[in-house]
Amino acid sequence: MVKSNLIISLTILTLIFLLSGCNFSKQQPEESPPPDSSEEHESEVDDEQSEEITGESNEKEEFITLPEEGLQKGDEGEAVRILQEFLNELGYSIAITEQFDQETIWALTDFQLQQDDNMEVTGLYDQQTKDSLELVTVGDIEIKPGSALSYEKNASLDEETVELANPYEILALVNKKHALPADYIPDDLVVPDVRFTFVEDNPKKQMRKIAANALEELFAAIDEEDLDLFAQSGYRSYETQDNLYTSYVTTYGEEEANMFSAKPGESEHQSGLSMDVTSPDVDYRLITDFGDTEEGKWLQQNAADYGFIIRYPLGKEEITEYQYEPWHLRYVGIQAAKEIMEQGITLEEYLGEN
Ligand SMILES: [Zn+2]
């Protein structure tokens, strides 16, 4: 018994020694740390933290930070390059040209067409587009590049006319050398809430939503001046233009008809971005005298503030290939409209296509 008690006591002592030895060896560095060990420790923590931060920021930098300013056709430089690189990150494979070119416009248009109905399809890089592009980076939006609009170059219709591959863009040039596709019908046509020269329902009351909203603002502003502006004719389908042109050619001959009427596909009215307007002072007719009315003069001065231009100005007939039409408004967006109207140029000149 005594022997076994001794063995138990020795075992306990050994255990106590071992345990305290363990404690000792564990505690020693904390009780008497080497002079610079805490610094080392801190710097280790710093390294770990900075690695974490770097890791996090690398993840975020998979997507480029988008430019803050709006961009559109004809713009060039660093901001455009960043936008192009971003679009390529999304899966578009466009050339990095630093120019807001047709490929860039195509990628943006295709992206916009894949968003919900609230997205304005413009081919511009604006705040709404920027916000949606950013939603892709956080996984809130998924897109399939090219699924809404495949990239094509403008196809030749004949020796001097091409067919626009992207009829959606707000700065699309539609004229006798640039035609809209025969099957292009804007899918966001609405009737603007403005005064018309007639009351019945008619497809020609329609415009694309972005232009209709802008026209409503223009009318609200001109109403403040107690002027009497009336809308007359907006959207016109390819078929309607075809019938109209054919009847003009029958009546006036082709050469004369071409001075005031567009061939099917070549009318801006098919784009849904144009509206003919008039006033009581010219008996609601579409005649050049409208330019001298108070309403006509007001438009010349103020239409650009709402994104509209007088598309066929006086003295530019050789460029536009149309007579002066002070009644024909075309929506191009506020930035382009101001530059065009302030400089007294045509859309052709603005886009370098004259
Ligand atoms: Zn017109």
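Residues numbered from 1 in each chain as written. Predicted model: local features only at pLDDT ≥ 70, side-chain atom pairs only at ≥ 80, totals over all residues. Heavy atoms only, no water.

With an unreviewed UniProt entry as reference, the chain is termed Carboxypeptidase, source organism Ornithinibacillus caprae.

**Student:** Just to check I follow, could you spell out the environment of D188 for this structure?
**Tutor:** Looking at the element boundaries, D188 is found in the loop between strand 3 (178-179) and strand 4 (189-190). A C-alpha to C-alpha distance of 9.2 Å links D188 and E120, two positions 68 residues apart in sequence. Beyond its immediate stretch of four places on either side in the chain, D188 contacts M207, R208 and K209. A polar atom in the side chain of D188 sits 3.2 Å from the side chain of R208. (Helix = DSSP H or I, 4+ residues; strand = E, 2+ residues; numbered from the N terminus. Contact = heavy atoms within 4.5 Å. Polar contact = N/O pair within 3.5 Å; in protein donor to acceptor, adjacent residues only side chain to side chain.)

**Student:** Teacher, can you tell me more about helix 7 (residues 238-252) here?
**Tutor:** In an α-helix, one full turn covers 3.6 residues, which means residues spaced three or four apart are oriented alike. Between its first and last C-alpha, helix 7 extends 21 Å over 15 residues, near the 21 Å set by a 1.5 Å rise per residue. Following helix 7 by one or two positions, G253 adopts a phi angle in the positive range, close to 85 degrees. (Expected span 1.5 Å × (residues − 1).)

**Student:** When you look at the pairing of strand 8 (residues 308-312) in this model, what are you seeing that I'm missing?
**Tutor:** The two faces of the sheet receive side chains in turn, since in a regular strand these alternate between them. With 5 of 5 residues buried, strand 8 lies mostly within the body of the structure. When strand 8 meets strand 9 (residues 325-331), the two strands line up antiparallel, connected through 4 bridges. Counterpart to Y312 in the pairing with strand 9 is E325. (Buried < 20%, exposed > 50% of the residue type's maximum accessible area, 1.4 Å probe, protein only. Pairing = 2+ DSSP bridges.)

**Student:** What exactly am I supposed to notice about the packing of helix 4 (residues 102-113) against helix 5 (residues 127-137) here?
**Tutor:** Any two packed helices are characterised by how steeply their axes cross, that is the angle between the axes, and by the distance between the axes. With their axes 11 Å apart at the nearest point, helix 4 and helix 5 run at an angle of 75 degrees to one another. On the basis of the axis angle, helix 4 is roughly perpendicular to helix 5. Within the contact between the two elements, helix 4 uses L108, F111 and Q112 and helix 5 uses T129, S132, L133 and V136. (Axes fitted to C-alpha atoms, helices over the stretch in contact; angles between N-to-C directions. Parallel < 35°, antiparallel > 145°, perpendicular 65-115°, else oblique.)

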